[in-house]
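As a plain string of letters, each chain reads:
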Amino acid sequence: MNTQTLSVELQPAEGAVLRLIGLVERRGFEVRSINLPASTGSLRLDLGVRARDTARTIETLHRQIKRLSGVCRVSETPFTLTNSQGGGDEQNQHKSA
Amino acid sequence: MNAIPKPDLAPPAAPDSAPKGAPKTGAELVVACLRAQGVEMVFGYPGGAIMPLYDAIPGSGLKHILVRHEQAAAFAADAYARATGKAGVCLATSGPGATNLLTGIANAFMDSVPMIAITGQVPSSLIGTDAFQEVDIFGMTMPVVKHSFLVRKAEDIPDIIAQAFAIATSGRPGPVLIDLPKDIAQSPITKARPAPRAKAAPKPYTAEALADAIAMIGQAKRPVLYVGGGVAKAGAVEALRRYNMLAGIPAVATLTGLGALPTNSKDFYGMLGMHGSKAANTLVQEADLLLVCGARFDDRATGKPDAFAPHAKIIHFDCDPAEIGKLRAADIAVPGDLKAALEGLPAHILDISPWRERARNLGQKHAFDYNAPGAGIFAPAFLKRLSEAAGDNFVAACDVGQHQMWVAQHCRFSRPEAHLTSAGLGAMGYGIPAGMGAKLARPDDCVVTITGDGSIMMNIQELATLRRYGINLKIVLFDNATLGLVRQWQELFYEGNFSEIDLYDNPDFADVARAFGIEAFTVSRREQMDGAIARLLATTGPVLAHVHINPRENVWPLVPPGKSNIDMMEH
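Cut-offs applied
- Residues numbered from 1 in each chain as written.
- Chains lettered and ligands numbered in written order.
- Predicted model: local features only at pLDDT ≥ 70, side-chain atom pairs only at ≥ 80, totals over all residues.
- Heavy atoms only, no water.
- Helix = DSSP H or I, 4+ residues; strand = E, 2+ residues; numbered from the N terminus.
- Rg over C-alpha atoms; globule rule 2.2 N^0.38 Å.
- Buried < 20%, exposed > 50% of the residue type's maximum accessible area, 1.4 Å probe, protein only.
- Contact = heavy atoms within 4.5 Å.
- Areas by Shrake-Rupley, 256 points an atom, 1.4 Å probe, with all protein chains shown as cover.
- Lys, Arg positive; Asp, Glu negative; His and termini not counted.
- Charge placed at Lys NZ, Arg CZ, Asp CG, Glu CD.
- Axes fitted to C-alpha atoms, helices over the stretch in contact; angles between N-to-C directions.
- Parallel < 35°, antiparallel > 145°, perpendicular 65-115°, else oblique.
- Left-handed = near helix turned anticlockwise from the far one by under 90°.
- Nonpolar A, V, L, I, M, F, W, Y, C, P; charged D, E, K, R; others polar.
- Pairing = 2+ DSSP bridges.
- Polar contact = N/O pair within 3.5 Å; in protein donor to acceptor, adjacent residues only side chain to side chain.
- Core = buried A, V, L, I, M, F, W, Y, C linked by side-chain atoms within 4.5 Å.
- Domains from an automatic or database assignment.
- Salt bridge = Lys/Arg side-chain N within 4 Å of Asp/Glu carboxyl O.
- Buried area = accessible area lost by both parts, 1.4 Å probe.
- Phe/Tyr/Trp six-rings, centres within 6.5 Å; stacked < 30°, edge-to-face > 60°.
- Lys NZ or Arg CZ within 6 Å of the ring centre and 35° of its normal.

## Topic: the overall build of chain B
Within chain B, the regular secondary structure consists of 21 helices and 18 strands. The C-alpha radius of gyration of chain B comes to 24 Å, within 12% of the 25 Å expected for a compact globule of 571 residues. Residues counted as buried form 58% of the 571 residues belonging to chain B. Partitioning the contacts of chain B with sequence separation of at least 6, the portion at a separation of at least 24 is 75%. Taken as a whole, chain B presents about 22200 Å² of accessible surface, with 54% of it coming from carbon and sulfur. Treating the 52 positive side-chain charges of chain B as one cloud and the 56 negative ones as another, the clouds have centres 5 Å apart.

## A look at the packing of helix 11 (residues 278-286) of chain B against helix 14 (residues 353-365) of chain B
All names here are of chain B. At their nearest, the axes of helix 11 and helix 14 sit 9 Å apart, and the two run at 150 degrees to each other. By the angle between their axes, helix 11 is roughly antiparallel relative to helix 14. Helix 11 and helix 14 meet at a crossing whose hand is right-handed. Between helix 11 and helix 14, the residues in contact are A279, T282, L283 and E286 and W355, R358, A359, L362 and G363, respectively. Looking at side-chain class alone, the contact of helix 11 with helix 14 contains 5 nonpolar, 2 polar and 2 charged residues.

## Some details on the sheet that holds strand 14 (residues 419-420) of chain B
All names here are of chain B. Across the sheet, 6 strands lie side by side as 14-13-15-16-18-17; this open sheet has parallel pairing. Looking at strand neighbours, the two that pair on one side only are strand 14 and strand 17 (519-523), the edges of this open sheet. By the bridge criterion, 6 bridges tie strand 16 (residues 474-479) to strand 18 (residues 543-548) in an arrangement that is parallel. Note that in strand 18 the partner of F478 across the bridge is V547. Against the sheet, helix 16 (residues 402-410) engages strand 13 (394-398), strand 14, strand 15 (446-452) and strand 16, with an angle of about 140 degrees to strand 15.

## Some remarks on unusual backbone geometry
All names here are of chain B. Cis peptide bonds are those with omega within 30 degrees of zero, and the linkage from W556 to P557 qualifies with -5 degrees. Its identity as a non-glycine residue notwithstanding, Q133 has a phi of 55 degrees, on the positive side. The residue Q133 is located in the loop between strand 4 (115-121) and helix 5 (137-140) in this model. The backbone phi angle of A309 is positive, close to 45 degrees, even though this residue is not glycine. Within the secondary structure, A309 sits in the loop between helix 12 (299-302) and strand 11 (313-318). When its relative accessible area of 0% is taken as the criterion, A309 is described as buried.

## Some thoughts on the environment of E25(A)
Residue and element names in this part refer to chain A. Here E25 is to be found in helix 1 (residues 16-26). Expressed as a C-alpha distance, the spacing of E25 and R50, which sit 25 residues apart in the sequence, is 9.8 Å. Apart from the residues within four sequence positions on either side, E25 is in contact with E30, V31 and R52. Within the structure, E25 has its side chain in polar contact with the side chain of R52 (distance 2.9 Å).

## Quick notes on the sheet that holds strand 8 (residues 251-253) of chain B
All names here are of chain B. As summarised here, the arrangement of the 6 strands in space is 9-8-7-10-11-12, forming an open sheet in which the pairing is parallel. In this open sheet, the two strands that pair with only one neighbour each are strand 9 (268-271) and strand 12 (332-335). Direction aside, neighbouring strands of the sheet carry axes that sit 15 degrees apart on average. Pairing geometry for strand 10 (residues 289-293) and strand 11, over 5 bridges, is parallel. The residue bridging V292 from the neighbouring strand is H316, located in strand 11.

## So, helix 10 (residues 237-247) of chain B
Each turn of an α-helix holds 3.6 residues, which means side chains three or four residues apart point in the same direction. The complete set of buried residues in helix 10 of chain B reads V237(B), A239(B), L240(B), R241(B), Y243(B), N244(B) and A247(B). In the stretch just after helix 10 of chain B, G248(B) is the one whose phi turns positive, near 70 degrees.

## Focus on the nonpolar core
Residues and elements named next belong to chain B. In this structure, L290, F317 and F382 are the most contacted members of the largest nonpolar core, which totals 94 residues. Tallying contributions element by element places helix 15 (residues 379-390) first for this core, with 6 residues. The residue makeup of this core includes at least three contributed by each of domain 2 (207-365) and domain 3 (379-548). Listed in part, the 54 residues of the second largest apolar core include A92, I105, L440 and L477.

## Quick word on the pattern of salt bridges
All chains considered together, the criterion is met by 30 salt bridges over all chains. D111(B) is the partner of R82(B) in a salt bridge, and the nearest nitrogen-oxygen pair spans 3.1 Å. One end of the pair, R82(B), is in helix 3 (residues 70-84); the other, D111(B), is in the loop between helix 4 (96-110) and strand 4, with 29 residues separating them in the sequence. Like R82(B), the residue D111(B) is buried in the burial classification. Across the pair E417(B) and R442(B) runs a salt bridge, and its minimum N-O distance is 3.9 Å. With E417(B) in the loop between helix 16 and strand 14 and R442(B) in the loop between helix 17 (431-441) and strand 15, this residue pair connects regions lying 25 residues apart in the sequence. The exposure class assigned to E417(B) is partly exposed, which follows from its relative accessible area of 24%. A relative accessible area of 23% places R442(B) in the partly exposed class. Residues participating in the shared-partner salt-bridge network are R67(A), R172(B), D320(B), E323(B) and K326(B).

## A few points about the side chain of N480(B)
Residues and elements named next belong to chain B. By the secondary structure assignment, N480 is in the loop between strand 16 and helix 19 (484-493). Polar side-chain contacts of N480 include one of 3.2 Å to the side chain of Q402. Residues contacting N480, with those up to four places away along its chain left out, are Q402, D453, I549, N550 and P551.

## Focus: the interface of chain A and chain B
Residue-level contacts link 10 residues of chain A with 18 residues of chain B. Around 1200 Å² of area is buried between chain A and chain B when both sides are counted, 49% of it from carbon and sulfur atoms. A per-residue breakdown of the area chain A buries against chain B is headed by E14(A), R19(A) and S69(A), which together make up 44% of the total. Taken together, chain A and chain B are joined by 2 salt bridges. Of the charged contacts in the structure, one is a salt bridge between R67(A) and D320(B), with a shortest N-O distance of 2.3 Å. Counting the contacts that link chain A with chain B gives 5 residue pairs in polar contact (both at pLDDT 80 or more). When its residues are assigned to classes, the side of chain A that touches chain B shows 1 nonpolar, 4 polar and 5 charged.

## Observations concerning the packing of aromatic side chains
Geometrically, a pair of aromatic rings is defined through the distance of the ring centres and the angle of the planes. Residue and element names in this part refer to chain B. Per the stated rule, a full pass over the model turns up 8 aromatic pairs over all chains. Summarising the aromatic geometry, the rings of F394 and F413 are spaced 6.3 Å apart at their centres and angled 15 degrees between planes, so their arrangement reads as stacked. Residue F394 is found in strand 13, and its partner F413 is found in the loop between helix 16 and strand 14; the two are separated by 19 residues along the sequence. Residue F394 is classed as buried on the basis of its relative accessible area, which comes to 2%. One aromatic cluster in this structure is built from Y226, F297 and F308. It is K384 that lies over the ring of Y370; its NZ or CZ is 5.4 Å from the centre.

This is the structure we're talking about:
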């Protein structure tokens, strides 16, 4: 199964990153990569995820992440935060639609 | 009875008449915020780290019910919430108090019940040092809460509590944990005040999706309504009843969907799934369209998933978009406000007469048979008779096992709040605390806990709580001196290798109840059944009916594990 990428914008509350990554693992995916650029406001986390079996779909995982409190945006296309300090990797990425 | 003073159970004072003094500590602010959210009653158990909060409760106008185990506080708060539609609140101290809540929090999560669990925590400076009674309950509960907070500053308390209630009760409800370090609870407050309640309105459905659904319904020849617990949670019971009455679509329900349509309504064919009715499972199997309303294709409902409703298109109504397509793809998805969506369906009778006739025939052909052989009490007959005798005020608070399935199959329910059951988690020990919470929430209802000799021992200490508060809960204990549902599976699917299911050395449960100061009686013969039901209903105060049943009685019908719902074993 291929690794797919999800970009998630979330409020920097206590436990927010753990909550997100825990959900991904519990819902049948393995986390293959994580990128969390420095930011003054909201966090943007890029996750490379891979389903543990063929019954798991990225669409369902996407919706399960989206319903978490504190998650502002989920995209299968990387995006840039408007309030970001600008981590080095963000300069060449385009905004999601 | 022993002379135990009965605490005053008069309704708590209205928020307006609560003490006017401004909160002076974090703990007093928590209590003031709970009152501002309309909380009248909480369930809990004190201990070291939560003592500042308990110090703030007396005189606050908040009614506290002292349970005898924290798990019971969570179950009682869960049932209080199911019975009222408001968030239930439970309190526990740090460490073991918090971990004892965990099963109850998971129960609320699995069944989408709004709950606020407040745990004491060791002082902020000691968090992460393996302090006495320290556990990371914030981390431990993360998989089973809708959201959670660890309070770091006392001035955040109003916003956290307002957010917690809004999250717990909005959209798809669920439990929210607030972990409160002792130093925050003790810290002085100068400015913070309770924040206003802020429940989010349901998200609207899209008109295009509903129009597509209406067109698909118009084409269907064999539609079935598949009703789940989400209907009642969305406040959509009346909308569903009106639609079903006028459209005349055969309907089935999940375990948590029971009562949304009255048991006796003409187009209702009972529960689907593993212990569902043969008629319900056959209708789903033959359907060409499933209108899924607030249900989530749970494995106990669907059986073998790729054989479930193989000919049916799916229209899925749910307030939670994450449930759509999770286990079965929807041909048309209508996420959003379920009540408004159902109200938007054109309510006119569909041209499906042959299908209705087929459904009626299936219903008659596979009606349950209450003429069991032998002279003992037949639990299905007892439950049917009990629920009919109790009438529209009947509320069943179930434990988990064979009796739970018999309640679902044989009791008459006129409303969804009448059936309180640990459905998703299947937590033995739910019955008595759930009955307590429901009876305290709805004192005029006839609340009956249905339990078994396995389940009752998981929270039997709550008989003391019933006695202390004089809670008029009726308990029916079906005693087969075995773990019946496990025994049934070992008989059918493990070649009769009966392993660790024999409870031959149970105590005399009537004696146990009397030792707690609760009236109790024992019956075992069929001719005693009507008298037992009459005595249960006539007794004022808590009462336990100890009902011996045949240990070899099984729950029928049954879909064997890994099989299609159409492959039901009937005996």
